[in-house]
Amino acid sequence: MLIPTKDILLAAQQEKKAVAAFNVYNLETVQAAVQAAEAEERPVIIALGERYLPAVDLEGFAAMAIAIARKAAIPVALHLDHAYEKKSIVQAIRCGFTSVMYDGSKYELDENIARTKEIVELAHMADVSVEAEIGSVSRGAFSDEEEGDGRLTDPADAKRFVEETGVDFLAAAIGTVHGMYTGEPKIDLELLRQIQSSVQIPLVLHGGSGTPDAIIAQTMERGICKVNVNTEVSLAAVSHLIRFTSSTEAQHTHLSTIMADMQGTILPVMKKFVRLLARQEQT
Ligand code: 13P
């Protein structure tokens, strides 16, 4: 069933669990995300990044994703990820997305507050919830996201940002990176604890890929209710396609089979995240 993102995340916050938000780009990735969540009987968030919009017909994509979500046996939400333009947010709201992320993280705090507040007012009129980011998540290997400067979130800024914007979920920059880590991950769990004490709303972890399971589990004890995953899924699909296309059978295989196999390849990766995020609170 299609459910407001806010309902899914407030329930996760109560249960001290988290929900996977998988970046999707096409039918196969949407189907795999829903199948992974159904297999684990957990909710899921399907997230389409603004950066994919030039290649994806938003209206067509939303109609397809919403139809699949409505038929699903588990709660599914539809989220616009990392939107920098008001225009894409308005389009997504019109197409039935249940939440949007406005990313004003590159601006100074005052400007980020002013811009985010405007988006929140607009989205809330349509009953759509808003995620925003302060601090900035940097980019590791194989990521398709914009480069951030790696500034960590200041807890006092987080408090002011949430109070003044009325945002529903906050992406906290605590040292995770978009993409794979090129060295040892340096995740500031104490900082996350301070951010959790400063704000009441569900917190979001960007850069799920490559983040060690034990660290993800600890972030869930410190208020993380949504974990974004993109690169690990993409890498699994691409490695599969590379392996396959270098085989002799490749040129005799129909595209529909290749796409179905690709869906089968990413399913276990998505299930791994869904299972990890369903863990009970650790101490
Ligand atoms: P990864 O690519 O590291 O999984 O991060 C995805 C993300 O945070 C999208 O918003």
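As shown above, the structure is provided for reference.
Residues numbered from 1 in each chain as written. Predicted model: local features only at pLDDT ≥ 70, side-chain atom pairs only at ≥ 80, totals over all residues. Heavy atoms only, no water.

Draft legend 1. Inspection of the nonpolar core at higher detail. F22, F61 and F97 are the most contacted members of the largest nonpolar core, which has 81 residues in total. If one sorts the elements of this core by residue count, helix α10 (residues 255-277) sits on top with nine residues. The contact partners of F97, leaving out residues within four places of it in the chain, are L48, L58, F61, A62, L78, H79, L80, A92 and V128. Core analysis: the next-biggest nonpolar cluster, separate from the first, contains 12 residues, A12, I45, A77 and F169 among them. (Core = buried A, V, L, I, M, F, W, Y, C linked by side-chain atoms within 4.5 Å. Buried < 20%, exposed > 50% of the residue type's maximum accessible area, 1.4 Å probe, protein only. Helix = DSSP H or I, 4+ residues; strand = E, 2+ residues; numbered from the N terminus. Contact = heavy atoms within 4.5 Å.)

Draft legend 2. Representation of the sheet that holds strand β5 (residues 129-134) in the model. The strand order around the closed barrel built from eight strands is β1-β2-β3-β4-β5-β7-β9-β10, with neighbouring strands paired in parallel fashion. Direction aside, neighbouring strands of the sheet carry axes that sit 25° apart on average. In this structure, strand β9 (residues 203-205) lies alongside strand β10 (residues 224-229), joined through three bridges in parallel fashion. Residue pairing in the sheet places L203 in a bridge with I224 of β10. Running over the sheet, helix α4 (residues 86-94) touches β3 (76-83) and β4 (99-102) and is turned about 175° from β4. (Pairing = 2+ DSSP bridges. Axes fitted to C-alpha atoms, helices over the stretch in contact; angles between N-to-C directions.)

Draft legend 3. Quick look at the site of the ligand. Surrounding the ligand, one finds 15 residues, the nearest of these being D81, G179, S209, N230 and T231. Contacts to the ligand include H178, whose side-chain N or O atom sits 3.2 Å from an oxygen atom. A distance of 2.8 Å is found between an oxygen atom of the ligand and a backbone nitrogen or oxygen belonging to G207. About the coverage of the ligand: the protein hides 100% of its 310 Å² of free accessible area. Only β3, β8 (177-178) and β10 provide two or more residues apiece to the shell around the ligand. Looking at the shell around the ligand residue by residue, the class counts come to two nonpolar, 11 polar and two charged. (Near = heavy atom within 4 Å. Polar contact = N/O pair within 3.5 Å; in protein donor to acceptor, adjacent residues only side chain to side chain. Areas by Shrake-Rupley, 256 points an atom, 1.4 Å probe, with all protein chains shown as cover. Nonpolar A, V, L, I, M, F, W, Y, C, P; charged D, E, K, R; others polar.)

Draft legend 4. How the structure looks around the pattern of salt bridges. Using the criterion set out here, one finds 14 salt bridges in the structure. Its salt-bridge partner being E163, residue K159 comes within 2.8 Å of it at the nearest N-O pair. Pair noted here: K159 and E163 are both in helix α6 (residues 155-165), with a separation of four residues, about one helical turn. On the basis of relative accessible area, K159 is assigned to the partly exposed category, the value being 38%. Each of D110, R160 and E164 takes part in one network of salt bridges that share partners. (Salt bridge = Lys/Arg side-chain N within 4 Å of Asp/Glu carboxyl O.)

Draft legend 5. Molecular detail of unusual backbone geometry. For D127, which is not a glycine, the phi torsion comes out positive at approximately 65°. Structurally, the position occupied by D127 is in the loop between α5 (109-125) and β5. In this structure D127 comes out as exposed when scored by relative accessible area, which is 70%.

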